[in-house]
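Residues per chain, in single letters:
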Amino acid sequence: MHFLFLFLTAAVQGVLAEVEEVIAKPGDDILLSCPVNTEACGDFHSLKWYREDSRVYVYSPLAQFSNGEGALVDRCLDASQRSLGPNCARGTLIVTDTSADLKIFPVELRDEGEYRCEITYLDISNNCPVVHFTDVRTVAAPESLTIVDSNAEDITGQVVGPYAEGSEVAFSCQSGGGKPEPAMSWMFGQEIVEGETTVSEDTETGSVTVTSLLVVRLDREHSGAALTCIVEHEILDEPLNAQIQVDVNVPVSSVSIAAEVSGQAGVEMRITCTAIGGRPAPTVFWIMPDTVQFQVEESSSLLDDETFESVSKMMFTPSSEENAKEVSCQAINDIMDEALEDKAELIIEYAPQVNVEEGNTTVAAGDEVTIECEVDANPAELSDVQWFHNDIALDVNEDRFEWENTATPSLSISPAQPGDAGEYSCSAGNKVGQARSPLTFRLLVTAAVNSVTIQDGLTGNEDEEMTIVCTAEGASPAASIDWIVTEEVIFEVEEEIQLLADGTFETTSRLKFTPSKELNELEVTCQALNDVMVEALEDKAELNILYPPIVTIEEGNKTVDTGEELIIECIIDANPRNLTLVQWYHNGNAVDPNDDRYQWDTSELASLSINHAEAADSGEYYCLAENAVGQGRSEDIVHIDIIAVVESVMIEHEAGTAGEEMVITCVATGGHPAAAITWTVPEMVIYSAEEEVQILEDESFVTISKLTFTPSAEENEKKVSCQAINDVMNEPVEYETELDILYKPIVSIEEENKTVTAGDQVTLVCLVDANPMNLSLVEWYHNEDLIDDNEERYEDGNPEAPSLTIKAILPEDAGDYYCLAHNHVGQSRSNMSVSLQVIYPPEVEIRKDPTAPVSEEDDMNVTLHCDLIGGNPLELARVSWFMNGELIRQLPDPHCDQLQQLESEEIFDEEFISEAGDYEVGSGVDDSGILDIGSGMEMGSAVNPDGGVNMNYLCDVDPTELFLQHVTRAFSGHFSCSGSNMAGEGPVSESVDLDVLYLPGQAVISQEEEEAQKGGSVTLQCQLEDQGNPVAKEYIWTKGEDILAETSANLTLHNIAVDSQGNFSCAGVNDLGQGEGGSLQLIVFAPQTFVQSLPETSTFVSHDKDFNLQCQVECFPLCSIQWMKDDEVITLDDDRYFIEEEITPEDVEANQFQSVSSKLSWNLENLPDNKLDHDDLNFTVSCFVEETEIGAAISSSTETEIEYEPENLDISTTFVSIEENERIQPIFCSGEGVPEPSVVWKFNDQEVTAENTLDFSEPIKRKQGGEYSCHVSNEHGEEVVNVTIDVLYKPECTIDYTLEEEEVVLVCTAEANPQDVQFWWDKDNITFDGQNSEDTLESLVRLKIINESIGTYYCHVSNSVGKGEPCMIELTEWMMTKGLSEEVIVILIAVAGSVIVLLIIIVITACLYCGERKEKGGKANMKKNKSKSPLLKDDQLHADSSFYENLPFKGLKSPPKQVLDDPKSDMMDYADADYLDIYANGPLKYREASEKNATLRRKKLEERKAVKSELL
């Protein structure tokens, strides 16, 4: 607690000179000093404390009385404070030898005043002060600050209003609970304003309430301004404030249409109207020309002065008709009587509108013609004027065409040509675009034939139809064509006419006939003539008739020797004469023209020349020729015969396999006639031969002879030949070759046996003869087992000299070896084998005596034996002894041969003794002959070391034994031995273990973990310097004097607690007993651990003052907790937070080390608006402890989310006007808040959607119009904003009727939006108005109850949206009578019944009467009664002629189809003027009324007949 002491001086007799002033706040404790000088003044009887005039405490040491009074004990009298018990008093006296101070706790505001203590000493003394004064002043900050309105409702933090501009409003600011009274002021926006302040004090509590009343006149600049009440107090570091926002409604200050009001026809344009300065947001309306359909987009934004700026964007697609039309924008809000308006004139640019004169003109070629064109455009400046002829732009640079870029760009054509005929149109362009005239001008131009042409190359094929084309061009109109042919030819003519691009016609005539070759070179003529010509134009040409070749060849047969030249003649006639092919054929096959031996010309004389004739040339020959038309072949054939000798002899298939039958073939080729073949073969070969003759395609012969025999290996490479000869040869042709006989390998092997030493290398050679010699496989066998030559120990020789090399010979390699060879013919093995003998070192095993383990305590001896179990030869020349794999001795010694001549004492030099240390070797003789040269190790023989005998103790011994004396733990190990013979030293034997038993060694305890930590585990390891033998199988653990249950080398303490500390000891135990022990003092630490951590997430409301976060950490030694917000460490001097820390001592029973608690809370009084920042809604708060020597840093974090009620609502629009069945743009509504507020749209208090978008999937209907509310809410509150949807729709109407006395009243009721509607009626296409009501959407028509009123009535209603569907009612006679009274109806029914009965009687009588008349054959007299029209007067058969003179169609040839209205007269006489009183709202069509009445009468008559029929 903090105290502020002010020391004042007072000069009061008998009173201390110093007067203390104590300033305290409610809840503080204060100590009021009262000095007592018992040393100088003696003991006192009593001491009293007073506040002002009231005693508050009495103390008497003599009476042993000490008690509070008055306000200091009033809690003791309050039943609600019973829980305080003896601590209910707020005052206590603290008495010492020098003072009797009064302590007051807790201080209350009413404790303020002057306190004095009065001392009554037992002895009277003038120098002893008996009164001491202390001034106590209590102070307190205001507890609350609120702003209330004129209705005393708390409006703090709210937006108040809206208020109208110019109104006066009163606000009060109240500050309660403070002392002394605070200073209070107002600030409106940035302006300080004065209020009227009143102060009241609670006499019981001493608190002060200050109220400031402020009355302000609201202006435009106050809209949206903040009104702040500020309170300053002496104990506040910063002023308190309360705030409201004032909403002032003001009219719109300005409306303006954006300067840009120009656009282009057909291109959507936007015009923006801005209304500024209104609050609430104004509504903007547009007034456009009636022909314009437009859409509007609206948006509003809040300006800095809290008024609104409403922007309306009107979108429409203009046409040229809207140019220079006026557009108006109006804005109004709720507090305005009239709208502000701005107007602008539309500037619509549009592409030219072009029109050309319509008509047809015919001119002769060479005349001049002019065509007119007119252009309307905005802008009027034309950038391009273009004329088109048949949709093709005319070239302005052509001299014959001329026009200007003006509003009347007439086209002048001079002189006109036939190509100018066609349709003409005009186009013009400006910067907006280009347009072309929709109508065209048609021009016709006449011309004579310009040219007549017969096609080039009148070529045709004989006997094939031929067409000749003649073309006449340049005529207008088209020409006709005639043909002139001098010979008599049957032909047909086809003619077609085609309009050319230049406007003239082309006439094409086709002459069709089938020519013969006799018509070749015949002349034809073509003539053309049209209507404007006097003489025809003509053209002539000559025919060219093509026919295929006619071929002739010489007749007869020819015989030619091989090598001679042969010529065969051929003659050809054809048209065309240039032949495309001349081909000779031999035996039906085409002769190859690329063969140099054959030659002929492609001409009319195409003789075949054959150079160096061959047998193949024999056969039949003919000639064939071809031109472009076709081909012809000679009818005759020439036969040629060629003779020849044998050309070649060849032997085939000279290879075979020994023992298998083979066939050799000899082929003699090219003889004519065929040749004969003979053979020459090796001796001793038995064979047979077969011969065959074949004829080749070239007519030569092939003789084939096949020799069959069975070869052996000896015939390989022997020679064989064949000879061929025919009748035209003098000597034969011969061919010789060698036989290739394949046979399997012939195998042999060297016969010498081999002896080798294990580990050496040996090579065995295999001798092979074979054909083919490329062996596919060579295999070696050992004792009939196949050797795997893939092993690394084996190596093959090359295929030409196969061998087997064995590397690193093993004993098991001894035995017999042979080889086997393969080729693709077969395989063979050697008949003999070679024997291999292998010598190898000895194999031994070791044993010991005794075999059981030996105890070090028993001082025993051990003998080791090395036994021979294998080797070649089977003997031991030397034994090597090993311990743990290390060589310790060789017996006999390797130096024995060198030492045989030395004295026995020279053997034992230092090196020798060192090598023999601790070991004994001997021959098993008496102990008296053994020499001890180490600690328990002996070696020697049965000789005296002092004698002169030349026997070496290590040479003349049995090497298979080793003696070990006085065995200790040093002898423990693995012993083994190896032996040697003439093949070398053998492998080391398997070892034998010498196991010497002894006690475990000294124990040492080590702690596996660096520190023992609470709640964790620690392992104490009992480590022995020597595990003993056998190894210690268990351990003895003790804590203090207590033996623990653990018997292993590791003592693990789990869940370490405070009482886990102490002295621990251990010792190893084996079968021999317990070893020496060791000890350790265990200290337990508590690393920083959260006792209370932060939750994973924390959620606070931004203005809640009671939220806090708390962490508690256990740690030994003691640690410190720090706080962090995001990445910023919170310091103790940061006035935005409170950090409170408390230390909790350890609790041994609860196994709880000391801990520290830290609580973090927010000082909202030092934060803006006394709440957390809404822009910092999500942050991380962490409490952490930094790393210590005991433990790593720890941290606990909570993801903090600040929540607040919805605010800052935003809606895309507040008013939408739309026509029914149009699609409405989605309306968006949103707001800020945490948790994220939900959005619900409601209509007529019914939920529409729970999404932030108010969307209408279908076109909007009228029932969907109205006010929609957007509710934005979360768990902390709700805000609502509204939008109005005004659905405009065409009127819909219904017609009802009532009967009033002599009238039928038709009532047309309409439903429409907007309700500004227009009514009109029609009956039988006659339109008239009704009586319209200004208050209701109704129109009335009153009709007299007469027959002429019967019919169908239509009611039409329209508004600004359009005209609705008309509604109708058919007024019948029954409807006009249904309103009669019941009595009248009863009378009518009775009369009707009587009439029906009377009718029945009349009908029966009539039937009887008719029957009588029929019998009499007579006729009834009929009288025709003519009744006049009700429109005529009694004495008139026709209406008076003057009656029609005032009709509106008087004097017209035919009357109009509807009533004409004279706009100059409000009154017009009608033909039925005399009957005006029976028509309520205009004339009816008399003829139709009459027809309807007649129809109605017929219908009633039929009904009566039906009733009568039913009765009968």
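To be clear, the structure that these remarks concern was listed above.
Everything numeric in this text was worked out from a predicted model, so none of it was measured.

(A) Region of interest: the overall build of the protein chain. Regarding its fold elements, the protein chain presents six helices and 117 strands. Carbon and sulfur atoms make up 47% of the accessible area of the protein chain, which totals about 85,100 Å².

(B) Spotlight on the state of the cysteines. Per the stated rule, a full pass over the model turns up 15 disulfides. What pairs with Cys34 in a disulfide is Cys117, and their sulfur atoms sit 2.0 Å apart. Its S-S torsion of about 90 degrees marks the bond between Cys34 and Cys117 as right-handed, since a negative value means left-handed. Taken together, the residues Cys34 in the loop between strand S3 (30-32) and helix H1 (38-41) and Cys117 in strand S9 (residues 113-121) connect sequence positions 83 residues apart. Covalently, Cys666 is tied to Cys722 through a disulfide, its sulfur atoms 1.9 Å apart. Handedness here is read from the sign of the S-S torsion; for Cys666 and Cys722, about 65 degrees, the answer is right-handed. In this pair, Cys666 sits in strand S59 (residues 662-671) while Cys722 sits in strand S63 (residues 719-725), placing the two residues 56 residues apart along the sequence. Each member of the pair, Cys666 together with Cys722, is buried.

(C) Fine view of the sheet that holds strand S86 (residues 1003-1007). On the basis of which strands lie adjacent, the open sheet formed by three strands has the order S86-S88-S91 and antiparallel pairing. Of all strands in the sheet, those bounded by a partner on one side alone are S86 and strand S91 (1050-1053). Going from strand to strand, the sheet's axes swing by 20 degrees on average, the running direction of each strand aside. For strand S88 (residues 1018-1024) and S91, the ladder comprises four bridges, and the chain directions are antiparallel. For Gln1021, the partnering residue across the bridge sits in S91 and is Asn1050.

(D) Main features of the pairing of strand S24 (residues 294-302). Relative to strand S25 (residues 308-316), S24 is paired through nine bridges, and the arrangement is antiparallel. When the sheet's bridge partners are listed, Glu297 is paired in S25 with Lys313. Taken together, S24 and the strand that follows it, S25, pair antiparallel across an intervening segment of five residues, in which Glu306 is found at a positive phi of about 70 degrees.

(E) Representation of the packing of aromatic side chains within the structure. All chains considered together, the criterion is met by 14 aromatic pairs. Considering the side-chain rings of Phe44 and Tyr121, the 6.5 Å spacing of their centres and the 85 degrees angle between planes classify their relative orientation as edge-to-face. Note that Phe44 is positioned in strand S4 (residues 44-51) and Tyr121 in strand S9, a separation of 77 residues in sequence. Accessibility classification places Phe44 together with Tyr121 in one group, the buried group. Both rings, one in Phe1100 and one in Phe1107, keep their centres 4.2 Å apart while their planes meet at 15 degrees; by these two values the pair is stacked.

(F) Structural detail: a negative patch on the surface. Taken together, Asp237, Glu238, Asp1133 and Asp1135 make up a surface patch of like negative charges. Note on placement: Asp237 falls in the loop between strand S18 (226-232) and strand S19 (240-249).

(G) View of a nonpolar patch on the surface. Where nonpolar side chains cluster on the molecular surface, the patch consists of Val1395, Leu1398, Leu1399 and Ile1402 and spans about 330 Å² of accessible area. Among the structural elements, Leu1399 can be located in helix H5 (residues 1382-1416). By relative accessible area, Leu1399 is classed as partly exposed at 37%.

(H) Expanded view of the pattern of salt bridges. Taken as a whole and judged by the stated rule, the model has 36 salt bridges. One salt bridge in this structure joins Lys103 and Asp29, with 3.9 Å as the shortest N-O distance. With Lys103 in strand S8 (residues 100-104) and Asp29 in the loop between strand S2 (18-24) and S3, this pair connects stretches of sequence that are 74 residues apart. Assessed through its relative accessible area of 30%, Lys103 is described here as partly exposed. Given a relative accessible area of 17%, Asp29 falls into the buried group. Close ionic contact of Arg270 with Glu297 constitutes a salt bridge, the shortest N to O distance being 3.8 Å. Residue Arg270 is located in strand S22 (residues 269-278), and its partner Glu297 is located in strand S24; the two are separated by 27 residues in the primary sequence. With a relative accessible area of 44%, Arg270 lands in the partly exposed category.

The rules behind the values
Residues numbered from 1 in each chain as written. Predicted model: local features only at pLDDT ≥ 70, side-chain atom pairs only at ≥ 80, totals over all residues. Heavy atoms only, no water. Helix = DSSP H or I, 4+ residues; strand = E, 2+ residues; numbered from the N terminus. Areas by Shrake-Rupley, 256 points an atom, 1.4 Å probe, with all protein chains shown as cover. Disulfide = S-S within 2.5 Å. Buried < 20%, exposed > 50% of the residue type's maximum accessible area, 1.4 Å probe, protein only. Pairing = 2+ DSSP bridges. Axes fitted to C-alpha atoms, helices over the stretch in contact; angles between N-to-C directions. Phe/Tyr/Trp six-rings, centres within 6.5 Å; stacked < 30°, edge-to-face > 60°. Patch = residues over 30% accessible without salt bridge, like charges linked within 9 Å, V, L, I, M, F, W, Y side chains within 5 Å. Salt bridge = Lys/Arg side-chain N within 4 Å of Asp/Glu carboxyl O. Lys, Arg positive; Asp, Glu negative; His and termini not counted. Charge placed at Lys NZ, Arg CZ, Asp CG, Glu CD.

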